[in-house]
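# Architecture and fold: a report
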Amino acid sequence: MSRDTSEPIFLSAIEHYSYCPRQWALIHLEQQFVENVHTMRGNAAHRLVDDHSIKQDKGTRVERSLPLYSIKYNLVGKADVVEFHADGKIYPVEYKHGRKRAKKHDELQLAAQAICLEEMLGKPVLSGAIYHVTSRRRREVLIDDTLRKHLIKTIEDMRKYEATSTLPPVVNDDRCKECSLVDICQPSVMNSCRHENISDLFTVEDE
Ligand code: SF4
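These numbers were taken from a predicted model, which means no experiment stands behind them.

Thresholds applied
- Numbers given for residues are sequential positions, taken from 1 along each chain in its written order.
- Given that the model is predicted, a residue must reach a pLDDT of at least 70 before its local features are reported, and side-chain atom pairs must reach 80 or more before they are shown or counted; all residues, however, enter totals for whole chains, interfaces and linings.
- For side-chain calculations, the full set of non-hydrogen atoms in the structure is used, while hydrogens and water are omitted.
- Residues grouped as a nonpolar core are buried Ala, Val, Leu, Ile, Met, Phe, Trp, Tyr and Cys residues, joined through side-chain atoms within 4.5 Å.
- Summary of the burial criterion: residues with accessible area below 20% of their type's maximum are buried, those above 50% are exposed, and those between are partly exposed, where the area comes from a 1.4 Å probe applied to protein chains only.
- Helix and strand definitions follow DSSP, with helices as H or I runs of at least four residues and strands as E runs of at least two, each counted in order from the N terminus.
- Should any heavy atoms of two residues lie within 4.5 Å, those residues are considered in contact.
- Only rings of Phe, Tyr and Trp enter the pairing, Trp through its six-membered ring, and a pair is recorded when the two centres are within 6.5 Å. The plane angle decides the type: under 30 degrees is stacked, over 60 is edge-to-face, the rest tilted.
- Criterion for a charge above a ring: Arg CZ or Lys NZ at most 6 Å from the ring centre, at most 35 degrees from the ring normal.
- Here a strand pair is declared whenever DSSP counts at least two bridges between the two strands.
- A helix is expected to reach a length of 1.5 Å times the quantity of its residues less one.
- Polar contact criterion, stated in full: a pair of N or O atoms within 3.5 Å, where within protein one must be able to donate a hydrogen and the other to accept it, and residues adjacent in sequence count only if both atoms are side-chain atoms.
- Under this scheme, a helix contributes an axis fitted over its contacting stretch, all axes are lines through C-alpha atoms, and angles between N-to-C directions fall in the 0 to 180 degree range.
- Every angle not falling under 35 degrees, over 145, or within 65 to 115 is termed oblique; those three ranges are roughly parallel, roughly antiparallel and roughly perpendicular.
- Only one rule defines a salt bridge in this text: a Lys or Arg side-chain nitrogen within 4 Å of an Asp or Glu carboxyl oxygen.

Core analysis: the largest hydrophobic core is formed by 39 residues, its most contacted members being Ile-14, Leu-75 and Leu-151. At the level of secondary structure, the elements contributing two or more residues to this core comprise helix 1 (11-19), helix 2 (21-29), strand 3 (60-70), strand 4 (75-84), helix 4 (104-121) and helix 5 (145-162). Here this core takes 8 residues from helix 4, the largest share from any one element. Those residues in contact with Leu-75, other than ones at most four positions away along the chain, are Pro-8, Ile-9, Leu-11, Ile-14, Leu-68, Tyr-69, Ser-70, Ile-115, Cys-116 and Ile-155. Ranked by size, the runner-up nonpolar core spans 8 residues in total, among them Val-62, Val-81, Tyr-95 and Ala-129.

Below, the discussion takes up the packing of aromatic side chains. Enumeration according to the criterion identifies 4 aromatic pairs in this entry. A ring pair is formed by Tyr-17 and Trp-24, whose centres lie 5.2 Å apart and whose planes are at 75°; its orientation type is edge-to-face. For the pair formed by Tyr-17 and Trp-24, the shared burial category is buried. Connected via pairs of aromatic rings, a cluster forms that spans Tyr-17, Trp-24 and Tyr-161. For the cation-ring pair, Arg-61 lies above Phe-84, with the distance from its terminal atom to the ring centre recorded as 4.3 Å.

Let us look at the pairing of strand 3. Within a regular strand, side chains alternate between the sheet's two faces. In terms of strand pairing, strand 2 (residues 54-57) meets strand 3 through 4 bridges, oriented antiparallel. Looking at the pairing, Ile-54 lines up with Glu-63 of strand 3. Here strand 2 hands over to strand 3 after 2 residues, with Lys-58 in that stretch at a positive phi of 50°. Sheet topology note: the strand 3/strand 4 ladder contains 9 bridges and is antiparallel.

Okay, the pairing of strand 7 (residues 137-142) next. Across 6 bridges, strand 6 (residues 127-132) lies against strand 7 in antiparallel orientation. Residue pairing across strands places His-132 opposite Arg-137, the latter belonging to strand 7.

Right, let's get into helix 5. The terminal C-alpha atoms of helix 5 lie 26 Å apart, and with 18 residues this matches the ideal 26 Å at 1.5 Å per residue to within 8%. All buried positions along helix 5 are accounted for by Leu-147, Arg-148, Leu-151, Thr-154, Ile-155, Asp-157, Met-158, Arg-159 and Glu-162.

Along the chain, Gln-109 turns up in helix 4. By relative accessible area, which is 5% here, Gln-109 ends up buried. Within the structure, the side chain of Gln-109 is placed 2.9 Å from the side chain of Lys-96, a separation counted as a polar contact.

In helix packing, the relevant descriptors are the interaxial angle and the interaxial distance, both defined with respect to the helix axes. Packing of helix 4 against helix 5 brings their axes to within 9 Å, and their N-to-C directions diverge by 90°. Relative to helix 5, the element helix 4 lies roughly perpendicular. Contacts between helix 4 and helix 5 involve Lys-104, Glu-107, Leu-108, Ala-111, Ala-112, Ile-115 and Glu-118 from the first element and Leu-147, Arg-148, His-150, Leu-151 and Thr-154 from the second.

What follows covers helix 4. With 18 residues, helix 4 extends 25 Å between its outermost C-alpha atoms, agreeing within 8% with the 26 Å of an ideal straight helix rising 1.5 Å per residue. Where helix 4 ends, the next residue or the one after it, Gly-122, has phi of about 70°, a positive value.

Scanning the model with the defined rule gives 13 salt bridges in all. Between Asp-50 and Lys-78 there is a salt bridge whose closest N-O contact spans 3.0 Å. Pair noted here: Asp-50 is in the loop between helix 3 (37-47) and strand 2 and Lys-78 is in strand 4, with a separation of 28 residues, a long-range link. In this structure, Arg-175 engages Asp-173 in a salt bridge whose closest nitrogen and oxygen atoms are separated by 2.7 Å. Classification of Arg-175 by relative accessible area gives partly exposed; the value is 28%. On the basis of relative accessible area, Asp-173 is assigned to the partly exposed category, the value being 33%.

As structure tokens, then:
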């Protein structure tokens with residue numbers, strides 16, 4: 001399962017890892033993916049802004065589906081929306097399905113977009129927003145030092161897992177109820193195995 005750690009990390013993968021490291025590994029290291037109602041709703045939210053358009057809105061330039069990268073952290077991806085305000089403020093907006101509610105993994109993905117924009121444009125990005133499609137409300141997120149440190153630690157942890165041949169352990173909690181990979185992952189079975197110290201049997205070997 002280990003892979004070349006010189007490959008870039010997708011910005012969306014950071015959100016997956018933050019939600020559940022095992023989910024990230026199954027999707028991004030083992031290329032296992034299954035749709036469910038939650039993934040389909042998420043895709044629908046992104047399609048609302050997936051037109052690569054550039055528009056002016058009351059003095060603000062609004063770019064959609066903007067490609068992003070960071071050479072420093074070896075990241076690639078795109079921002080749903082980036083607003084370039086007349087006063088110089090650069091403001092990424094990430095679209096999510098569902099109602100307005102705080103989720104740390106959404107914030108990490110937004111912070112990753114911010115550090116990409118800072119590197120690409122040479123200007124600070126101090127805040128952004130999560131736009132919740134169902135409630136049509138924005139939640140502003142400050143890209144502060146605490147969030148930046150959390151992001152960098154997350155990237156380091158992902159790189160460590162990439163270099164190993166071991167899947168992260170199951171979380172086996174409420175996250176599994178919404179996870180499209182639950183049938184592949186078998187969290188309750190794996191959790192039983194872990195408690196019986198036989199989970200090593202399920203370690204994935206390199207081909
Ligand atoms: S089923 Fe649970 S443990 Fe398995 S990948 Fe999904 S969230 Fe993670």
